[in-house]
Structure formats: structure tokens, C-alpha cells
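Working through the structure, step by step
Residues per chain, in single letters:
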Amino acid sequence: MGRRVKVTIDGKVFSAEEGESLLAVALRNGIDIPHLCYEECLEPYGSCRLCIVEVVEGFKKGITTSCTLGCVDGLKVLTNTPEIEKHRKVLFELYLAQAPNSEKLKKLAEKFGVYSTRFKEKNLKNDPLNGKCVMCGLCVRVCNDVLGVGAINFIGRGYRATVNVPYFEESDVCKGCKACVEVCPVDAIDYSDVGDKRVMISWSNTKVDLIKCSVCGRYFSPLPVFGSVSKKLSEYGVVCDVCPDCRKRLIAKNMTSSGGYNSYA
Ligand code: FES
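Residues numbered from 1 in each chain as written. Predicted model: local features only at pLDDT ≥ 70, side-chain atom pairs only at ≥ 80, totals over all residues. Heavy atoms only, no water.

**A word on the packing of helix H2 (residues 82-98) against helix H3 (residues 103-111)**
- Put simply, H2 and H3 touch, their axes get as near as 10 Å, and they point 160 degrees apart. As the angle between them shows, H2 and H3 are arranged roughly antiparallel. Read as a crossing pair, H2 and H3 show a hand that is left-handed. In contact with Phe 92, Tyr 95 and Leu 96 of H2, H3 contributes Leu 105, Lys 106, Leu 108 and Ala 109.
- The residue makeup of the contact of H2 with H3, split by class, is 6 nonpolar, no polar and 1 charged. (Axes fitted to C-alpha atoms, helices over the stretch in contact; angles between N-to-C directions. Helix = DSSP H or I, 4+ residues; strand = E, 2+ residues; numbered from the N terminus. Parallel < 35°, antiparallel > 145°, perpendicular 65-115°, else oblique. Left-handed = near helix turned anticlockwise from the far one by under 90°. Contact = heavy atoms within 4.5 Å. Nonpolar A, V, L, I, M, F, W, Y, C, P; charged D, E, K, R; others polar.)

**Points about the side chain of Arg 88**
- Relative to the elements of secondary structure, Arg 88 occurs in helix H2.
- The charged side chain of Arg 88 is buried without a salt bridge, its nearest counter-charge being Glu 85 at 5.7 Å.
- There is a polar contact of 3.0 Å between the side chain of Arg 88 and the backbone oxygen of Thr 79. (Buried < 20%, exposed > 50% of the residue type's maximum accessible area, 1.4 Å probe, protein only. Lys, Arg positive; Asp, Glu negative; His and termini not counted. Salt bridge = Lys/Arg side-chain N within 4 Å of Asp/Glu carboxyl O. Polar contact = N/O pair within 3.5 Å; in protein donor to acceptor, adjacent residues only side chain to side chain.)

**Structural notes on the domain arrangement of the protein**
- What the domain assignment lists for the protein is domain 1 (4-80), domain 2 (120-211) and domain 3 (214-258).
- Computed from C-alpha atoms alone, the centre-to-centre distance between domain 2 and domain 3 is 28 Å.
- Every contact between the two is made by 10 residues of domain 2 and, on the other side, 9 residues of domain 3.
- When domain 2 packs against domain 3, close to 860 Å² is buried across both sides, 73% of that on carbon and sulfur atoms.
- Among the residues of domain 2 in contact with domain 3, Lys 175, Leu 210 and Ile 211 are the three that bury the most area, contributing 62% of the side total.
- The interface formed by domain 2 and domain 3 holds 3 residue pairs in polar contact (both at pLDDT 80 or more) in total.
- Considering every element that reaches the side of domain 2 that touches domain 3, the biggest residue donor is strand E10 (residues 206-212), with 4 residues.
- Here the residues of the side of domain 2 that touches domain 3 are counted per class, giving 4 nonpolar, 2 polar and 4 charged. (Domains from an automatic or database assignment. Buried area = accessible area lost by both parts, 1.4 Å probe.)

**Notes on the sheet that holds strand E11 (residues 219-222)**
- Pairing within the open sheet is antiparallel, and its 4 strands lie in the order E8-E9-E10-E11. Lying at the two open borders of the sheet, with one neighbouring strand each, are strand E8 (192-194) and E11. Averaged over all adjacent pairs, the angle separating strand axes in this sheet is 40 degrees, with direction ignored.
- Pairing geometry for E10 and E11, over 3 bridges, is antiparallel. Residue Lys 212 lies in a different strand from E11, and its bridge partner there is Tyr 219. (Pairing = 2+ DSSP bridges.)

Have a look at this one:
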């Protein structure tokens, strides 16, 4: 645990750990700063620029991204000056043109008073992500840096740049874990569980086998993920070929009958 410091956001004083992201402190305390490329499990890298704030004291004065702004004692920032609103509006407009089909992005923009874009919308012909991707890169980073799988990456340049599997061919390394889906801030990545297969629709329909719950028979977890987890847990005597719902029922049943440890926990 690092040294505690005091930072001021819009006139309110908050306690923070020295060096932690100012955006994290703001979000933790209910201050709504829009952001697309920030995710707690990854190092902030300041790509979307939406999280801008104005530093008025304690650091170099001016507008900067709050996700990459480390907290220092006496730091004071404002989140809603006319200057920030002006820059934010342009950024939202650019993203709305880049991802005109993302309802989640539209809602976020509307929350901050932006309802349309002056920029030309992206040509959606042959867009594998159907005009929903803002190129924040979170899916690529979580797949590569956190999970070490590397199933997807940036493809192409400039206006045609996108994210996908190499050569737009079905991936043989994707584990179907859905981390990319969960981390996407604009719901751009589609998948579907069909019978005993998970189909990662956005990743060229990459198919991954699902494991069947040994209790209810429902397919629930991708085999490549299940395999490594179950191997580890079985070393501790934990049964894990049951779906989350059945697991809860079994735990409850086991606890009421034995009143103690159970192998389903
Ligand atoms: S969230 Fe800070 S730049 Fe994207």
C-alpha cells in the first residue's frame, strides 16, 4: 500500500494512493468522467482521450487525460470546464462517426450532451465489427497482455484499420473466454452459444467447444478455459464440471446437510 495523498476533484477533496490513476479515484467516488480505453486490470495508456480533465494545481497546468494522471498530494483538477466540454464534444463526434452503430456509444455521448456528429460516418462495407468498434484496443490488450493468448490484433491502417483475427480466418488459439466481449466499452463484439459450441461471431465465426454441466446437462463453459482451470482445481479436490446455477444449489444443499466444507465451493 502506497502513501496516502489528498486530491481535489471539482472542489471536493478525496484520499488516494500516491501514483494511482486520477480517473480511478474519480470513478470510485461517483464522479462521472467518460472513458473508453480505461480498464482496471490494464495499465492506463491514454488512447481514447475522452477522460480529459483540467489540472489547476499540483501538476503541469492544462488539459490532460485523467487515466494517465498519477495522483500527487495537492493535485487539483476540474472535470467540466467549457474548454473540456468543447474538446469532449469533438471527440464524441469523431467516435460517433467511427462507430455509428454502437448504441452504447450513442447513450454515453448523449449523457454528455452530444446527439449527432458533423463528421462523415465510416463506410461500413466489409466492416467485420459492423460499425461498432471505436478502436480503443482494450480487447487486444486483454487477450494479449492479460491472458497471453494473442488471438486478435489490429489489422490495416488509417480509416480502414480494424481489430480481428489474423487474415480474418477462424482462430485456432482463441479460447472463447469472452474476455474481449466483457471488456469492450461499446458492445462491439458478438458471440453466440449454439448447442455445444461457442461461436465468436466477430472473430470470423471462430468456434470453441463448450463443456456440459454434469448436473443439468447445460453447456456452459468453453473447453479450452475449463480444461486448465479444472486441472488446477481438481488438485484441491474441487469438482468443477457443474454450471454456476447448479454449483449454487449444490453448495446450499451440501451446507444444510453437512454444515461445513463442500467440494463444490
Ligand atoms: S480512458 Fe483515458 S484516454 Fe481513454
